[in-house]
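Letter by letter, the chains look like this.
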Amino acid sequence: MIALASDHVGLSLKNEIKTLLDEMGLAYCDYGADSAERVDYPIYGARAARAVASGRCERGIICCGTGVGISLAANKVRGIRCVVCSDCYSAMLSRQHNDTNMLSMGSRVVGTELGRMIARIWLTTEFEGGRHQRRVDQIAALERGEAIE
Ligand code: RB5
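I will try to describe carefully the structure that is included in this document. (Residues numbered from 1 in each chain as written. Predicted model: local features only at pLDDT ≥ 70, side-chain atom pairs only at ≥ 80, totals over all residues. Heavy atoms only, no water.)

**Overview of the sheet that holds strand β3 (residues 59-64)**
Strands sit in the order β2-β1-β3-β5-β4 across an open sheet of five strands; the sheet is parallel. Across the chains shown, the open sheet's two edge strands, defined by having one partner strand only, are β2 (28-30) and β4 (82-84). The average undirected angle you get between the axes of adjacent strands in this sheet is 20°. Inspection of the sheet shows strand β1 (residues 2-6) paired to β2 by three bridges, in the parallel sense. Along β2, the bridge assignment pairs leucine 4 with aspartate 30. Against the sheet, helix α5 (residues 112-124) contacts β1, β3, β4 and β5 (102-106), and its axis sits at roughly 170° relative to β5. (Pairing = 2+ DSSP bridges. Helix = DSSP H or I, 4+ residues; strand = E, 2+ residues; numbered from the N terminus. Axes fitted to C-alpha atoms, helices over the stretch in contact; angles between N-to-C directions. Contact = heavy atoms within 4.5 Å.)

**Considerations on the packing of helix α1 (residues 11-24) against α5**
With their axes 10 Å apart at the nearest point, α1 and α5 run at an angle of 50° to one another. Taken together, the axes of α1 and α5 are oblique relative to one another. As α1 runs across α5, the sense of the crossing is right-handed. Counted together, Leu13, Glu16, Ile17, Thr19, Leu20, Leu21, Glu23 and Met24 of α1 and Thr112, Gly115, Arg116, Ala119, Arg120, Leu123 and Thr124 of α5 form the full contact between these two elements. Tallied by class, the residues present in the contact of α1 with α5 amount to seven nonpolar, four polar and four charged. (Parallel < 35°, antiparallel > 145°, perpendicular 65-115°, else oblique. Left-handed = near helix turned anticlockwise from the far one by under 90°. Nonpolar A, V, L, I, M, F, W, Y, C, P; charged D, E, K, R; others polar.)

**Describing helix α6 (residues 131-143)**
Over its 13 residues, α6 extends 19 Å from the first C-alpha to the last, a length consistent with the 18 Å expected when each residue adds 1.5 Å. Within the span of α6, buried status applies to His132, Val136 and Ala141. If you follow the buried residues of α6, they end up packed against α4 (88-96). Where α6 ends, the next residue or the one after it, glycine 145, has phi of about 80°, a positive value. (Expected span 1.5 Å × (residues − 1). Buried < 20%, exposed > 50% of the residue type's maximum accessible area, 1.4 Å probe, protein only.)

**What about the nonpolar core?**
By size, the foremost hydrophobic cluster in this structure holds 19 residues, and its most contacted members are Ala3, Ile62, Ala74, Ile80 and Met102. Looking at this core element by element, the count peaks at five residues for helix α2 (residues 41-53). Look past the residues within four positions of methionine 102 in its chain and what remains in contact with it is Ala48, Ala49, Val52, Gly60, Ile62, Ala74, Ile80, Arg81, Cys82, Val83 and Trp122. Counting residues in each nonpolar core, the second largest holds 18 residues, with Leu20, Ile61, Leu103 and Met105 among its members. (Core = buried A, V, L, I, M, F, W, Y, C linked by side-chain atoms within 4.5 Å.)

Geometric values such as these leave the question of function open.
Structure follows, in structure tokens:
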């Protein structure tokens, strides 16, 4: 299950991602927003992030104007590693090396085709583990307020 969320600006890109997920046969749950009415992106980023952090959803894709604000909110939820992405290389490496569990994109930054391509790559790329696992563990330790050196 993929958690989806956006603010009013990211709504159009989120809808494109829904079409992609339908094509890929992946189920999703949309945590809003669902209209052009102006809303606050932290509320929606947090909803999707909590769904991922709790295990209700395996991963999440979120959108706002830049992808930045909503990703900042998502990354405040413990256990979330959300990448803001506008290129395919970072999308792939954020999975292989960082085990990102959320992807954020900006509807004012990426067009429909690039957004779909980024999401497809991010959804289909696996974490490599190995030496990268130690670094992901260090990030989790930081989140718990622990020393890592
Ligand atoms: C809303 O105007 C805009 O600030 C929001 O969509 C996003 O870009 C924030 O980072």
